[in-house]
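Residues per chain, in single letters:
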Amino acid sequence: MSKKRDLDVHGRPEQGTDEVRSSAAPSESRDSYPPLMPGPHAAGQPLRASARPIGNEGAVRILVATEWSDERARAANAVDGLGVSLEYAVTGRSALAKLRIDQFDVLLLDLTLPDMSAHEVIETIAREVLNTKIIVLAEDAHFDDAKRALRGGANDFVKGWSEREVLRRAVTEALGERERERRQSKQERTLRDSEELHRFMVNASPELVYMLDQEGKFTFLNDRIVSLLGFPRDELIGKHYTDLVHHDDREIARFAFDERRTGARSSRNVELRLNSLRGGRRHLDTAAVFVELTSTGLYSDVSHRSSEYFLGTFGTARDVTERKRADEVINFQAYHDLLTQLPNRALLKDRLSVAVTHAERNQRRLALMFLDLNRFKLVNDSLGHSMGDQLLKSVARRLQGVIRKGDTVARFGGDEFTLLLPEVRTHEDVAAIARKILDILTQPFLIDGHELYVGVSIGIALYPDAGDTAESLIQNADIAMYNIKGRGQNGYQFFSQEMNERFSTRVSMERELRVALGSEQLRVHYQPLVRMHDGTIAGVEAMVRWQHPRLGLIEPADFLSIADDAGLMLTLDAWVQGTACRELKRWSEQGYDQLNLAINVTAGQLEQEDFLERFLATVEGAGLGPERIRIELKESTITKDIEQVIPRLQALSQLGVGIAIDDFGTGYGSIALLQRLPIDVIKIDRAFLSDFHNDEAANRVIDAIIGMGTALGVTLVAEGVESARQLRYLQHKGLEEVQGYYFSRAVPAEDICDLLERGRLPLAAPPDETVELDPEREAEH
């Protein structure tokens, strides 16, 4: 059988042809390929994939390496219809060059090439790991050639190029094997990518992931172990889990860490501590990390959860150290004073309750001391709050140096401290501790170059003599403290039942009033202001009441002085004014938009630098105009600091706020003073009306006040009208407005609407009709 060989002009095989493609146009010249055998492709077109082979994702490429053109033609004929793309190389070197830069599925390799043997090509492919399937073809071949080729890495050895079906089958089998390898490679790559992804997810997890074998030894730990606990992962593999668990939590870990249960019965969110190297290997106990553990047992057969099928434990641990620390901080702040770091009132009461229970059970005595610093307000006001805070911290440190183990010193509030002595034997033992406290607190405090002196008043309550409950001991120690403080000296005092009952009540009322301000026990009642000419309601005056949970409704006369002494008046005033303004706004929305509101302003409010801003913010915040408001001032208020009062009252008047002098005639006001003030209303005190028909002097005072008001051009209002006789008297005198029990007591906000709906209140009654008064006449605020 003759072969057509490509020769150069010198008669040698053509070496320079690096690539010959099946797309070359057919020609009869010796440098062209012979026509391809009939097939589905068009003559002269490249042999490309006409149909994608099953399972392949792209065109199949075959490289034909032979110097003979007729062998190329037979190769093309053999693969016709397989959907492949053919490329050609006429030398071994050009074939290797193509394999190095391109991917070919099959290499059809002639045993004899002009530049190198097929065996050399196969060895190079194996050495360089060039991925392709090799089919060696030879017209005349020996068995040794075939054996050497197959051993060298060829996939098949075909004798001759002329057997189309044999060559076609060899190519098909090679392509099939190639496709199987490709699929396997893809599956391996997918599996490898999946494993890498899962490994990344596990190692990147913020939670510690672990696995234990049947003996509780670590078989797997993710990378979180290093950042969480500081241990190298390899160091723990094979170690028992107890090596990692804090010694105090190993009993918990026995049921949670080494979990054998599954499903809903397995351990979830169990908190325990793990040892950590964060503090170094010498500080394992002090460098524990809190974790929240979730674990489950692993079994080879999920339907059989017995020990013979148990493989180990899988679990996760979430770091909750910061949360635990935050909980500790929150808990500390809830039960400690942040300035002094001492236990606060809540913790003291808790410890006192426990101490009372123990003392009762063991028939022991205990003592509670209530300490109040003297001169602290002077330091705070003169040197500033920062200096006051430093002084309180210094006092706390000295008190902590006095107490015994088991005693509790707490900051009760402000400049008040308490000392709980849960076990005392005698009266004198407690007195000795009190004297020691007096001694250390009367010594000077040197703070920021200032030598500060404070004393202390100590009230002492002994259990069970001064009380058998925590509350009674606190209250009675407080009473004893105020008893010694009232003497104006440093010292201590034991509580006794003979102490002034009135003082005890006042102290108790003060503390309860502080509670009332923050627990919605206060109420605002309103008394109508009636026009004398037609009986209509011109406005209402706001008055405070205390709805005591035990004593019922308390009138202002019984608690306003206590509030003033306790420094609560500013808070009380602001609350009453804000509540009354909001109620007036609500009535306005119900159609009573001509109703005015009279509210009391005390001296303490007027003395505030920002009084105007605060007051106007209250009025405007309720959605009211200043012209709807009238403030009422005691005569003593305006005479206290007249130069400071006048500019503020003038500013209010210019904005439209009405100004009234309340209880006029009981102070030391004069017409000259009144002329300097922007007054709109003078209210005649009730004292002048109580016995006007028998007291000529009272009549003259009323006449003088009326004459003064007329001269000043202000409105005159009489308060405390309780009978028709008084009403007729005032009508005769020409007063414009009145208020009192004759028309209505001060009533809750919801009852005012009933009076407003009536439109007019009666101005006439039988001569002897008088409203019955309470034993103690109502004092208005």
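This section reports on the structure supplied with the text. (Residues numbered from 1 in each chain as written. Predicted model: local features only at pLDDT ≥ 70, side-chain atom pairs only at ≥ 80, totals over all residues. Heavy atoms only, no water.)

Focus: the packing of aromatic side chains
Here the distance between the centres and the angle between the planes together describe a pair of aromatic rings.
Next up, step 1: Throughout the structure, instances matching the rule amount to seven aromatic pairs.
Next up, step 2: Ring plane angle 80° and centroid distance 5.7 Å describe the contact between W546 and F559, whose orientation is recorded as edge-to-face. Note that W546 is positioned in strand 20 (residues 537-548) and F559 in the loop between strand 21 (552-554) and helix 16 (560-565), a separation of 13 residues in sequence. For the pair W546 and F559, one class covers both residues: buried.
Next up, step 3: Judged by centre distance (5.1 Å) and plane angle (90°), the rings of Y742 and F743 are edge-to-face.
Next up, step 4: The lysine or arginine in question, R345, covers the ring of F412, its NZ or CZ lying 4.2 Å from the ring centre.
Next up, step 5: We note R745 situated over the ring of Y741; from NZ or CZ to the ring centre the distance is 4.5 Å. (Phe/Tyr/Trp six-rings, centres within 6.5 Å; stacked < 30°, edge-to-face > 60°. Helix = DSSP H or I, 4+ residues; strand = E, 2+ residues; numbered from the N terminus. Buried < 20%, exposed > 50% of the residue type's maximum accessible area, 1.4 Å probe, protein only. Lys NZ or Arg CZ within 6 Å of the ring centre and 35° of its normal.)

Comments concerning the side chain of S472
Next up, step 1: Inspection of the secondary structure assignment puts S472 in helix 14 (residues 470-485).
Next up, step 2: At 3.4 Å, the side chain of S472 forms a polar contact with the backbone nitrogen of D468.
Next up, step 3: Setting aside residues no more than four positions away along its own chain, S472 makes contact with A466 and G467. (Polar contact = N/O pair within 3.5 Å; in protein donor to acceptor, adjacent residues only side chain to side chain. Contact = heavy atoms within 4.5 Å.)

Here's the deal with the environment of S276
Next up, step 1: Relative to the helices and strands, S276 is located in the loop between strand 9 (270-274) and strand 10 (289-299).
Next up, step 2: Expressed as a C-alpha distance, the spacing of S276 and H246, which sit 30 residues apart in the sequence, is 9.1 Å.
Next up, step 3: At 3.4 Å, the side chain of S276 forms a polar contact with the backbone oxygen of L229.

Quick notes on a negative patch on the surface
Next up, step 1: Taken together, the side chains of E750, D751, D754 and E757 present a region of like negative charge at the surface.
Next up, step 2: If you trace the backbone, E750 turns up in helix 25 (residues 749-758).
Next up, step 3: The class of E750 is exposed, set by a relative accessible area of 55%. (Patch = residues over 30% accessible without salt bridge, like charges linked within 9 Å, V, L, I, M, F, W, Y side chains within 5 Å. Areas by Shrake-Rupley, 256 points an atom, 1.4 Å probe, with all protein chains shown as cover. Salt bridge = Lys/Arg side-chain N within 4 Å of Asp/Glu carboxyl O. Lys, Arg positive; Asp, Glu negative; His and termini not counted. Charge placed at Lys NZ, Arg CZ, Asp CG, Glu CD.)

Some remarks on the pairing of strand 7 (residues 208-212)
Next up, step 1: Burial of strand 7 is extensive: four of the five residues sit out of reach of the surface.
Next up, step 2: Here strand 7 pairs with strand 11 (residues 310-319) via five bridges, running antiparallel. Paired with L212 across the bridge in strand 11 is T313.
Next up, step 3: Note: strand 7 against strand 8 (residues 218-221), three bridges, orientation antiparallel. For L212, the partnering residue across the bridge sits in strand 8 and is F218. (Pairing = 2+ DSSP bridges.)

Some remarks on the pairing of strand 2 (residues 60-65)
Next up, step 1: Counting buried residues along strand 2, five of its six residues qualify, which places the element largely inside the surrounding structure.
Next up, step 2: By the bridge criterion, six bridges tie strand 2 to strand 3 (residues 84-89) in an arrangement that is parallel. Counterpart to A65 in the pairing with strand 3 is A89.
Next up, step 3: Tracing the backbone out of strand 2, into helix 1 (residues 69-78) and back to the parallel element strand 3 gives a crossover that is right-handed.
Next up, step 4: Pairing between strand 2 and strand 4 (residues 106-110): four bridges, direction parallel. The residue of strand 4 that forms the bridge with I62 is V106. (Right-handed = clockwise from strand over helix to strand, strands pointing away.)

Quick notes on the sheet that holds strand 11
Next up, step 1: If you walk across this open sheet you meet the five strands as 8-7-11-10-9, and the pairing is antiparallel. Of all the strands in the sheet, just strand 8 and strand 9 have a single pairing partner and so form its edges. Strand-to-strand twist in this sheet, taken as the mean axis angle between neighbours without regard to direction, amounts to 35°.
Next up, step 2: Across the sheet, helix 9 (residues 321-335) is in contact with strand 9, strand 10 and strand 11; its angle to strand 10 comes to roughly 135°. (Axes fitted to C-alpha atoms, helices over the stretch in contact; angles between N-to-C directions.)

Focus on the sheet that holds strand 18 (residues 491-494)
Next up, step 1: Strand order in the open sheet made by the five strands is 13-14-12-17-18, with mixed pairing throughout. Because the sheet does not close on itself, it has two edges, and the strands there are strand 13 (408-413) and strand 18. Ignoring strand direction, the axes of neighbouring strands in this sheet form an average angle of 20°.
Next up, step 2: Where strand 17 (residues 455-463) meets strand 18, four bridges bridge the pair, whose relative direction is parallel. Note that in strand 18 the partner of G459 across the bridge is Q493.
Next up, step 3: Against the sheet, helix 12 (residues 385-402) makes contact with strand 12 (365-374), strand 13 and strand 14 (416-424), and its axis sits at roughly 10° relative to strand 14, the strand it touches most.

Quick notes on the packing of helix 19 (residues 611-621) against helix 21 (residues 642-654)
Next up, step 1: It is the contact of helix 19 with helix 21, at a shortest axis distance of 11 Å, that shows an interaxial angle of 30°. One finds that helix 19 runs roughly parallel with respect to helix 21. The two elements helix 19 and helix 21 meet at a crossing, and its hand is right-handed. On the side of helix 19, the interface is formed by F611, L612, F615 and L616, while helix 21 contributes R648, A651 and L652.
Next up, step 2: Tallied by class, the residues present in the contact of helix 19 with helix 21 amount to six nonpolar, no polar and one charged. (Parallel < 35°, antiparallel > 145°, perpendicular 65-115°, else oblique. Left-handed = near helix turned anticlockwise from the far one by under 90°. Nonpolar A, V, L, I, M, F, W, Y, C, P; charged D, E, K, R; others polar.)

Describing helix 19
Next up, step 1: Regarding helix 19, the residues found buried are F611, F615, L616 and V619. Within helix 19, the buried residues cover an arc of 110° as seen down the axis, which keeps them to one side. Turned more than 90 degrees away from the buried face of helix 19, the exposed residues are E613, E620 and G621.
Next up, step 2: Residues of helix 19 that are buried sit in contact with helix 17 (569-589), strand 22 (596-600), helix 18 (603-606), strand 23 (629-634) and helix 21.
Next up, step 3: Positive backbone phi, at 85°, marks G623, one or two positions downstream of helix 19. (Arc of directions from axis to C-beta.)

Considering the environment of I458
Next up, step 1: Among the structural elements, I458 can be located in strand 17.
Next up, step 2: In sequence terms I458 and A480 are 22 residues apart; their C-alpha atoms lie 7.5 Å from each other.
Next up, step 3: Not counting the four nearest positions on each side in its chain, I458 is found in contact with M369, F370, L371, A434, I437, L438, M481, I484, G491, Y492 and Q493.

Quick notes on the nonpolar core
Next up, step 1: The biggest cluster of nonpolar side chains holds 80 residues, and the ones touching the most others in it are Y526, L597 and I631.
Next up, step 2: Per element, the largest residue contribution to this core is seven residues, and it comes from helix 17.
Next up, step 3: If you look at the next biggest cluster of nonpolar residues, it comprises 36 residues, including L342, F376, L421 and L462. (Core = buried A, V, L, I, M, F, W, Y, C linked by side-chain atoms within 4.5 Å.)

Topic: the side chain of D213
Next up, step 1: Turning to its location among the elements, D213 is positioned in the loop between strand 7 and strand 8.
Next up, step 2: One buried charge, D213, has no salt-bridge partner; the nearest side chain with opposite charge is K217, at 6.0 Å.
Next up, step 3: In terms of polar contacts, D213 uses its side chain to reach the backbone amide nitrogen of E215, at 2.9 Å.
Next up, step 4: In contact with D213, not counting residues within four places along its chain, are T219, F310, L311 and G312.

So, a nonpolar patch on the surface
Next up, step 1: Together, L197, F200 and M201 make up an exposed nonpolar region whose accessible area comes to about 340 Å².
Next up, step 2: Among the structural elements, L197 can be located in helix 5 (residues 164-204).

Looking at helix 2 (residues 92-101)
For an α-helix, the turn length of 3.6 residues means that residues three or four places apart are oriented alike.
Next up, step 1: When we look at burial in helix 2, the residues that qualify are G92, S94, A95, L96, K98 and L99.
Next up, step 2: Buried positions along helix 2 lie against strand 2, strand 3, strand 4 and helix 3 (118-128).

With respect to unusual backbone geometry
Next up, step 1: Residue P464 is bonded to the preceding Y463 through a cis peptide linkage, with omega at 5°.
Next up, step 2: Along the polypeptide, P464 turns up in the loop between strand 17 and helix 14.
Next up, step 3: The backbone phi angle of R375 is positive, close to 70°, even though this residue is not glycine.
Next up, step 4: By the secondary structure assignment, R375 is in the loop between strand 12 and helix 11 (376-383).
Next up, step 5: Residues other than glycine seldom take positive phi values, yet D448 does so here, at roughly 50°.
Next up, step 6: When you line up the elements, D448 lands in the loop between strand 15 (445-447) and strand 16 (450-452).

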